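An overview of the molecular structure
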Amino acid sequence: MLESLTAIKGAKFSNGAVKSFCLIFPVFLMKSLKLDYEFVQEQMYSALEKQKIDDKTKLEIKEITQFISKVKYDHKKSSRAEFQKILDKALRAVDELSETSKKKGLFNFFQI
């Protein structure tokens, strides 16, 4: 996931890059939050609150999903600066969720 986001960030800004991001980030969230279905925001928020990650990351993920929703459903156009901010937040969120998953895996291993 980090590689995909880094590639999008390094690519020339375009509507295609925004659309690609809007497709891949929700899939990452579904896998990270262990949701077996395409979620609505309220379901994702509920699943997110159960995660042991810092509140700043939770807020950033909410901002990212609101951005995605506006792009997908309201056909909002994004500026380069706005998209770069969203990508930066997404990179931090992916890193945080990945670290949390690693810690859980290690913790579960030692409980056996």
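Note that the structure is a prediction, hence the values are computed from the model and not measured. (Residues numbered from 1 in each chain as written. Predicted model: local features only at pLDDT ≥ 70, side-chain atom pairs only at ≥ 80, totals over all residues. Heavy atoms only, no water.)

The number of helices and strands found in the protein is 5 helices and 0 strands. Going from N to C terminus, the protein has its helices and strands arranged as α-α-α-α-α. (Helix = DSSP H or I, 4+ residues; strand = E, 2+ residues; numbered from the N terminus.)

Right, let's talk about the packing of aromatic side chains for a bit. The final tally for this structure, using the stated rule, is 5 aromatic pairs. Ring geometry for phenylalanine 21 against phenylalanine 25: centres 5.6 Å apart, planes inclined by 25°, an arrangement best described as stacked. Separated by 4 residues within a single helix, phenylalanine 21 and phenylalanine 25 lie in helix 2 (residues 15-32), roughly one turn from each other. Accessibility classification places phenylalanine 21 together with phenylalanine 25 in one group, the buried group. Judged by centre distance (5.8 Å) and plane angle (80°), the rings of phenylalanine 21 and phenylalanine 83 are edge-to-face. Remark: phenylalanine 83 occurs in helix 5 (residues 80-111) and phenylalanine 21 occurs in helix 2; sequence separation between them is 62 residues. Judged by relative accessible area, which is 1%, phenylalanine 83 ranks as buried. (Phe/Tyr/Trp six-rings, centres within 6.5 Å; stacked < 30°, edge-to-face > 60°. Buried < 20%, exposed > 50% of the residue type's maximum accessible area, 1.4 Å probe, protein only.)

Further remarks concern the confidence of the model for the protein. Looking at the protein, the pLDDT average stands at 83 and 86% of residues meet or exceed 70. Per-residue pLDDT, averaged within each element of the protein, yields its smallest value for helix 5 (76) and its largest for helix 4 (residues 55-73) (93). Of the regions scoring below 50 in pLDDT, residues 106-112 engages in 0 contacts with residues more than four places distant in sequence or in other chains. (pLDDT = per-residue confidence, 0-100. Contact = heavy atoms within 4.5 Å.)

Right, let's get into the nonpolar core. Grouped together as the largest cluster of nonpolar side chains are 29 residues, with contacts concentrated most on Phe21, Phe25, Ile61, Ile64, Phe67 and Phe83. Elements with a minimum of two residues in this core: helix 1 (2-10), helix 2, helix 3 (41-49), helix 4 and helix 5. If we ignore the near neighbours within four places in the chain, the residues touching phenylalanine 25 are Met1, Ile64, Ile68, Ala90, Ala93 and Val94. (Core = buried A, V, L, I, M, F, W, Y, C linked by side-chain atoms within 4.5 Å.)

On to the packing of helix 1 against helix 2, then. Closest axis-to-axis distance for the helix 1/helix 2 pair is 10 Å, and the angle between their directions is 165°. The angle between helix 1 and helix 2 places the two elements in the roughly antiparallel class. Here the hand of the crossing between helix 1 and helix 2 comes out left-handed. Here Ser4, Leu5 and Ile8 of helix 1 lie close against helix 2, whose contacting residues are Ala17, Ser20, Phe21 and Ile24. (Axes fitted to C-alpha atoms, helices over the stretch in contact; angles between N-to-C directions. Parallel < 35°, antiparallel > 145°, perpendicular 65-115°, else oblique. Left-handed = near helix turned anticlockwise from the far one by under 90°.)

Topologically, aspartate 95 is positioned in helix 5. Aspartate 95 sits 93 residues away from leucine 2 along the chain, and the two C-alpha atoms are 7.6 Å apart.

At a minimum axis distance of 11 Å, the contact between helix 3 and helix 4 shows a crossing angle of 165°. Here helix 3 is positioned roughly antiparallel relative to helix 4, judged by the angle of their axes. Read as a crossing pair, helix 3 and helix 4 show a hand that is right-handed. In this structure, helix 3 contributes Gln41, Met44, Tyr45, Leu48 and Glu49 to the contact, and helix 4 contributes Lys58, Ile61, Lys62, Thr65, Gln66 and Ser69. Partitioned by chemical class, the residues of the contact of helix 3 with helix 4 number 4 nonpolar, 4 polar and 3 charged. (Nonpolar A, V, L, I, M, F, W, Y, C, P; charged D, E, K, R; others polar.)

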